[in-house]
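Residue-level structure breakdown
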Amino acid sequence: MNYANMLNPAEQLEILKRGAAEIISEDEFRAKVEKSFASRTPLRVKLGIDPTAPDIHLGHSVVLRKLRQFQQCGHRVILLIGDFTALIGDPTGRSETRKVLSAAEIAANTKTYLAQVGKIVDTASPDLFELRYNSEWLSKLTFQQVLELSHHFTVARMLEREDFSNRYKSGKAIGLHEFFYPIMQGYDSVALKADVELGGTDQTFNILVGRELERVFGLEPQIAMMLPIIEGTDGTQKMSKSLGNAVGIHDPPDEMFGKIMSIPDSLMPKYFELLTEVPMPEIRRVAENPRESKAKLGETIVGFYHGAEAGKAARENFDRVFREKKAPSEIPEFVVPVDLLNDGRVALHKLLVSSGLAPSVREAKRLLIQGGIEVDGKCISEENAILQVESGMIVQAGKRRFVKLRKS
């Protein structure tokens, strides 16, 4: 990176403040950006993640995209893997103590996570990206040093956290070790000499602890930049794989596009602002043509993760299926196993499971009973329907899943 070509402070601030829910403090942030530009010294921007789950969805991508924007402005981002803090588990937003992960689980999740992060953040440029693990310093602290860190915080201060407070009031257990999580996250900022720390709005408490500890150690306190938590496809609850409302960044293009088309219109401005680089003046006109805007949103997001051609094709396929009531232009082929057939016939619920159109027999039968299965455009609604298999048949499950059958 040629830091002599950094964007000027005004240009940087326009990009970096976009979509931020809160910056503590904006005046300090502006001063840091101006100082960085004047000295041609990139800011050190920290994002800590605990590898407690292996898959990334669009909700996770909000803060990762902000890391990418810092890189585009010429700054050095630090992805901190909380391999040590994951042994405790972040209590943020929890109503009970988290399950402790094994070292093997942490390593496996980290490997998968990093592969996905690379789809959003430039992980190949050493000037712009640094990968660290907090076991480097946390595992080396003596018990005396841990006690010295804890002197700077009171139990009352910890109970200011809403999740701790709620658990305390309801009589639910709070592990003593959980009080050390924000202290350890704060010490990470000291070890890294972070200028900025990113996180969701649910991380405000932890990030502010980092500011306090940096002051204790004589460092200039980091800027706390909090990003919004986005709702999932249902439009109400936080995006979560467990809630079934998530859009995974590895979802196939057609599936990703279809999920985005299912979001409420009211969510579109937020998705555009946080998940794309579409200019803000254009986003403000979304309400003028919701259907066209949502299709553009889907094409833009699919294009980012799968390439522009895939985004365009996903949009065209969606139109074929939902506007023109036709099958997609490309349908995966499924060779029907011989052992499923009985004189060329097959129980349709078994075919649905074997082909991947349904995850279980129970779900397959539910789809059949509810009229969610079509064969060559004809609805099949019998729970125990038997199908006479012919090569070229198109089986559709729900709105977006298709297979073309071929006899072996």
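Data block above holds the structure.
Let us look at the structure shown here.

Criteria and thresholds
Residues numbered from 1 in each chain as written. Predicted model: local features only at pLDDT ≥ 70, side-chain atom pairs only at ≥ 80, totals over all residues. Heavy atoms only, no water. Helix = DSSP H or I, 4+ residues; strand = E, 2+ residues; numbered from the N terminus. Buried < 20%, exposed > 50% of the residue type's maximum accessible area, 1.4 Å probe, protein only. Contact = heavy atoms within 4.5 Å. Areas by Shrake-Rupley, 256 points an atom, 1.4 Å probe, with all protein chains shown as cover. Phe/Tyr/Trp six-rings, centres within 6.5 Å; stacked < 30°, edge-to-face > 60°. Lys NZ or Arg CZ within 6 Å of the ring centre and 35° of its normal. Core = buried A, V, L, I, M, F, W, Y, C linked by side-chain atoms within 4.5 Å. Polar contact = N/O pair within 3.5 Å; in protein donor to acceptor, adjacent residues only side chain to side chain. Pairing = 2+ DSSP bridges. Axes fitted to C-alpha atoms, helices over the stretch in contact; angles between N-to-C directions.

**Overview of the overall build of the chain**
Looking only at helices and strands, one finds 17 helices and 13 strands in the chain. Overall, the chain is about 80 × 50 × 40 Å in size when its C-alpha atoms are taken along their principal axes. Across the 408 residues in the chain, those meeting the buried criterion constitute 47%. Residue pairs at least 24 apart in sequence account for 69% of intrachain contacts in the chain once pairs closer than 6 positions are excluded. If you sum the accessible surface of the chain, you get close to 19,700 Å²; carbon and sulfur atoms cover 52% of it.

**Some thoughts on the environment of V346**
Structurally, V346 can be placed in strand β8 (residues 345–347). Residues V346 and L357, spaced 11 residues apart in sequence, show a C-alpha to C-alpha distance of 15 Å. The residues contacting V346, other than those within four sequence positions of it, are L340, L341, L351, A385, I386, L387 and V389.

**Some remarks on the packing of aromatic side chains**
For the structure shown, the criterion picks out 4 aromatic pairs. Ring geometry for Y187 versus F217: centroids 5.9 Å apart, planes at 65°, classification edge-to-face. In this pair, Y187 is assigned in helix α9 (residues 176–192) and F217 in the loop between α10 (204–216) and β6 (223–227), connecting sequence segments 30 residues apart. The class of F217 is partly exposed, set by a relative accessible area of 42%. Above the ring of F37, the side-chain terminus of R40 is found at 4.1 Å from the ring centroid. For the cation-ring pair, R65 lies above F304, with the distance from its terminal atom to the ring centre recorded as 4.7 Å.

**A word on the nonpolar core**
With 56 residues, the main nonpolar core has F29, L58, L64, F70, V196 and L198 as its most contacted residues. It is helix α3 (residues 58–72) that provides the largest number of residues to this core, a total of 6 residues. For L198, the residues in contact, after removing those within four places along its chain, are V45, K46, L47, V63, K66, L67, F70, I207 and M225. In terms of nonpolar packing, the next biggest core, distinct from the first, is built from 22 residues, F334, A385, M393 and L405 among them.

**Quick word on the side chain of K259**
Mapped onto the secondary structure, K259 falls in helix α11 (residues 253–261). Since its relative accessible area comes to 16%, K259 is described here as buried. At 3.2 Å, the side chain of K259 and the backbone oxygen of A246 are in polar contact. Ignoring sequence-local partners within four residues, the contact set of K259 consists of T233, A246, V247, D251 and R400.

**Describing the environment of I386**
As for its position among the elements, I386 is in strand β11 (residues 386–388). Excluding residues within four positions of it along the chain, I386 makes contact with R345, V346 and A347.

**Section: the sheet that holds strand β9 (residues 373–375)**
Across the sheet, which stays open at both edges, the 5 strands sit in the order β7-β13-β12-β9-β10 with mixed pairing between neighbours. Among the strands making up the open sheet, the edge pair consists of β7 (333–336) and β10 (378–379). In the sheet, β9 pairs with β10 via 2 bridges, with the strands oriented antiparallel. Paired with E374 across the two strands is C379, which belongs to β10. Across the sheet, helix α16 (residues 348–355) is in contact with β7, β9, β12 (394–397) and β13 (401–407); its angle to β7 comes to roughly 125°.

**Quick look at the pairing of β13**
The pairing of β7 with β13 spans 4 bridges and is classified as parallel. Counted as the bridge partner of E333 is K404 from β13. When β12 meets β13, the two strands line up antiparallel, connected through 4 bridges. Note that in β13 the partner of V395 across the bridge is V403. Hairpin connection, β12 to β13: the antiparallel pair is bridged by 3 residues, and G398 has positive phi, about 65°.

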